[in-house]
Amino acid sequence: MTGPRLAVVVPVYRNAGTLEPLAARLAAALAGRNWRLRFVVDASPDDSARVASELARGDARIAATILPQNVGQHRALHAGLAAEPAADAWICLDADLQDPPEAVPVLVDRLAAGDVEAVFAGRRGAYTSPLRRVTGGLHRRVATRLTGLPPDAGAFLAMGPRVRDAVLAERAPSIVLAVGVAGRPVTSLPVVRERRDSGDSAWTSRARLVQSARSLGWALRHRRS
Ligand code: UDP
Ligand code: MG
């Protein structure tokens, strides 16, 4: 096993059906590399905790954190990043296979070039409804104005140690905006997202609006002047 130690952190809520194919696709994509995968099961009401624990039992590279209470995607990511101290690069990835695991080595290799400290998988494709793509785009435009983040940045990214430290030092409502406020050099690469095969987004429209307002408000208060 050569190269940087990679820690992939995956927040899980109602994704029992995709965890196994996710682990298999990730293992194939990262074959020959030094990697770990940590599922953070966010008090999911389905079978996710059992499936994640079974995958962890069957493979020493896989770990599962089972949260007793639902804390939401971003606090689950925070917990997972904190639980993986021994790595050189950390990757945040959704559990529902909308974020293709095959893009992880591309992000990691770009990070290894050394001129940036985080690489976002820039959102592309018709991965959600047209309305959600428009409102998501508006949110990201404001985030870009506030922090200088790439306008296609979302919660699929690879980060180096200084960015992870900055994220862990904050209790930010959004991992993405915490990276933006950290003020380190970052970039994005286009990555086409997949449509959800089954089920709905865990985010209701109301929850998205509240999350957007809270996280942009947080960035406004914390941005560097
Ligand atoms: N998620 C979580 N806790 C929650 C809601 C969502 O950990 O309370 C996870 C979910 O399992 C997924 C990610 O956050 O890995 C993004 O959620 P989802 O794919 O439903 O949202 P989308 O971005 O596709 O609308
Ligand atoms: Mg999704």
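What you see is a predicted model; the values in this text were computed from it and never measured.

(A) Structural view of the overall build of the protein. A count of helices and strands for the protein gives 8 helices and 7 strands. A compact globule built from 225 residues would reach a C-alpha radius of gyration of about 17 Å, and the protein, at 16 Å, matches this within 12%. Within the protein, the fraction of its 225 residues that count as buried is 48%. Here the protein contributes 31 positively and 21 negatively charged side chains, and the mean placements of these two sets differ by 8 Å.

(B) Broad picture of the pairing of strand β3 (residues 62–67). Two strands pair when backbone bridges link them, and strand β2 (residues 33–42) and β3 are joined in this way by 6 bridges, in the parallel orientation. Of the residues in β3, the one forming a bridge with F39 is A64. Regarding the hand of the β-α-β motif, the stretch spanning β2, helix α2 (residues 48–58) and β3 is right-handed.

(C) Structural context of helix α6 (residues 161–169). Of all the positions in α6, only V163, R164 and V167 are classed as buried. Buried residues of α6 fall within an arc of 100° about the axis and therefore sit on the same side. In this structure, α6 carries R162 and A169 as exposed residues pointing more than 90 degrees from its buried face.

(D) View of the UniProt feature "domain: Glycosyltransferase 2-like" (unreviewed entry) in the protein. Taken from the UniProt record, the annotation "domain: Glycosyltransferase 2-like" (unreviewed entry) applies to residues 8–133. Secondary structure content for residues 8–133 is 38% helix and 25% strand, and the end C-alpha separation is 26 Å.

(E) Region of interest: the sheet that holds strand β4 (residues 89–92). With respect to topology, 7 strands assemble into an open sheet ordered β3-β2-β1-β4-β6-β5-β7, the strand pairing being mixed. Looking along the sheet, the strands with just one partner apiece sit at the ends: β3 and β7 (186–192). Averaged over all neighbouring strand pairs, the angle between strand axes comes to 20°, with direction disregarded. Here helix α1 (residues 16–29) sits on the sheet and contacts β1 (2–12), β2 and β3; the angle it forms with β2, its principal contact strand, is near 165°. Sitting on the sheet, α6 is in contact with β4, β5 (118–124) and β6 (157–159), with an inclination near 100° to β6.

Calculation criteria
Residues numbered from 1 in each chain as written. Chains lettered and ligands numbered in written order. Predicted model: local features only at pLDDT ≥ 70, side-chain atom pairs only at ≥ 80, totals over all residues. Heavy atoms only, no water. Helix = DSSP H or I, 4+ residues; strand = E, 2+ residues; numbered from the N terminus. Rg over C-alpha atoms; globule rule 2.2 N^0.38 Å. Buried < 20%, exposed > 50% of the residue type's maximum accessible area, 1.4 Å probe, protein only. Lys, Arg positive; Asp, Glu negative; His and termini not counted. Charge placed at Lys NZ, Arg CZ, Asp CG, Glu CD. Pairing = 2+ DSSP bridges. Right-handed = clockwise from strand over helix to strand, strands pointing away. Arc of directions from axis to C-beta. UniProt positions renumbered as here; feature names shortened; annotations may be inferred. Axes fitted to C-alpha atoms, helices over the stretch in contact; angles between N-to-C directions. Contact = heavy atoms within 4.5 Å.

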